[in-house]
Amino acid sequence: MKIHNCEFIGSYASVDRIPKSELLEVCFWGRSNVGKSSLINYICNRNDLAKTSSHPGKTQTLNLFLLNETINLMDLPGYGYAKVSKKLKERWLPMITDYIVNRENLYLCYLLIDGSIPIQKIDQEMMVLLNQNRIPFNIVFTKTDKVKQRERAVLLKDFKYHLKDTWEVLPEMIETSAIDRIGADLLLDQISQFTTN
Ligand SMILES: Nc1nc2c(ncn2[C@@H]2O[C@H](COP(=O)(O)OP(=O)(O)O)[C@@H](O)[C@H]2O)c(=O)[nH]1
Ligand SMILES: [Mg+2]
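Residues numbered from 1 in each chain as written. Chains lettered and ligands numbered in written order. Predicted model: local features only at pLDDT ≥ 70, side-chain atom pairs only at ≥ 80, totals over all residues. Heavy atoms only, no water.

Novice: I would appreciate a short explanation of the overall build of the protein in the present structure.
Specialist: For the protein, the helix and strand inventory stands at five helices and seven strands. Along the protein, from the amino end to the carboxyl end, the secondary structure elements read β-β-α-β-β-α-β-α-β-α-β-α. By the compact-globule yardstick of 16 Å for 197 residues, the protein fits well, its C-alpha radius of gyration being 16 Å. Counting only C-alpha atoms and orienting by the principal axes, one finds that the protein spans roughly 45 × 40 × 35 Å. By the burial criterion, 48% of the 197 residues in the protein qualify as buried. Considering only contacts in the protein between residues 6 or more positions apart, those separated by 24 or more positions represent 75%. Just so you have it, the protein exposes about 10900 Å², and 50% of that area is on carbon and sulfur atoms. Between the centroid of the 25 positive side chains of the protein and the centroid of its 23 negative side chains there is a distance of 7 Å. (Helix = DSSP H or I, 4+ residues; strand = E, 2+ residues; numbered from the N terminus. Rg over C-alpha atoms; globule rule 2.2 N^0.38 Å. Buried < 20%, exposed > 50% of the residue type's maximum accessible area, 1.4 Å probe, protein only. Contact = heavy atoms within 4.5 Å. Areas by Shrake-Rupley, 256 points an atom, 1.4 Å probe, with all protein chains shown as cover. Lys, Arg positive; Asp, Glu negative; His and termini not counted. Charge placed at Lys NZ, Arg CZ, Asp CG, Glu CD.)

Written as structure tokens, this is what we have:
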């Protein structure tokens, strides 16, 4: 699938404000600063559709995009940023849980994981949370340009090794880089399968 049209629909501070939709929806989630906004801009071939930031913890709303008039893409607030206020932290997990549990057209979650660093405990915790709520998810590794290919291969092997103990079946994994523009074709082809099946 090639993206010929990508529209920003809106930002929502709570789940009940998101407009109902009949279209299939995928969401992007991950640690703050993992590269969610950059990936959205890259797959949509736009520089400024989603706001990127070098200051983590900024986005605390649910941001909805529409791809090719047929697929919803929800950008969820990132987790794991120590400096956001306690009040915000207490708010975001219930909000996200509310979203993943109650959003009827949610089909699949893409969990974005920084592919340039070793596996993080918090990412594993969020995988467990998704699993507990029976939300199917795939993994998208970001920032793979930051490490050499051989180093990346070792990180991926370690990642899979860590997961082996807890997961019977490993989620699907896609390698991406918004800087080197790698992985969009694969990701978009996967997403488009849901609408044609
Ligand atoms: N090297 C590299 N940096 C990236 C990549 N994607 C995002 N970044 C940088 O990581 C920071 C956070 O990106 P952003 O998209 O705002 O992350 P978000 O908080 O998950 O939405 C920014 O400084 C981006 O330029 C990537 O693929 N490669
Ligand atoms: Mg962002």
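Don't stop here, the text continues.
Novice: Quick question: what am I supposed to make of the packing of aromatic side chains here?
Specialist: The geometry of an aromatic ring pair comes down to the distance between the two centres and the angle between the two planes. Taken as a whole and judged by the stated rule, the model has five aromatic pairs. A ring pair is formed by Trp-29 and Tyr-79, whose centres lie 5.0 Å apart and whose planes are at 75°; its orientation type is edge-to-face. Of the two residues, Trp-29 sits in strand S2 (residues 25–30) while Tyr-79 sits in the loop between strand S4 (71–75) and helix H2 (86–102), which places them 50 residues apart along the sequence. With a centroid separation of 5.6 Å and 85° between ring planes, the pair formed by Phe-137 and Trp-167 is classed as edge-to-face. Of this pair, Phe-137 sits in strand S6 (residues 137–142) while Trp-167 sits in the loop between helix H4 (149–164) and strand S7 (173–175), placing them 30 residues apart in sequence. No difference in accessibility class separates Phe-137 from Trp-167, as the two residues are buried. Sitting over the face of the ring of Phe-141, Arg-152 holds its NZ or CZ atom 4.2 Å from the ring centroid. (Phe/Tyr/Trp six-rings, centres within 6.5 Å; stacked < 30°, edge-to-face > 60°. Lys NZ or Arg CZ within 6 Å of the ring centre and 35° of its normal.)

Novice: I keep staring at the pairing of S2 and nothing clicks. Help me out?
Specialist: The two faces of a sheet get side chains in turn, since along a regular strand they alternate between them. Buried residues dominate S2, accounting for six of its six residues. In this sheet, S4 lies alongside S2 in parallel orientation, the contact comprising four bridges. Within S4, the residue paired with Val-26 across the bridge is Leu-73. One ladder, built from six bridges, connects S2 with strand S5 (residues 106–114); its direction is parallel. Residue Val-26 lies in a different strand from S5, and its bridge partner there is Leu-108. (Pairing = 2+ DSSP bridges.)

Novice: Sorry, what's going on with the sheet that holds S5 here?
Specialist: Where strands meet in a sheet, backbone hydrogen bonds hold them as pairs that are either parallel or antiparallel. The strand order across the open sheet built from seven strands is S1-S3-S4-S2-S5-S6-S7, with neighbouring strands paired in mixed fashion. Both edges of this open sheet fall to strand S1 (6–12) and S7, since each of them pairs with a single strand only. Across the sheet, the mean angle from the axis of one strand to that of its neighbour is 25°, orientation sign disregarded. By the bridge criterion, three bridges tie S6 to S7 in an arrangement that is parallel. Counted as the bridge partner of Val-140 is Ile-174 from S7. (Axes fitted to C-alpha atoms, helices over the stretch in contact; angles between N-to-C directions.)

Geometric values such as these leave the question of function open.
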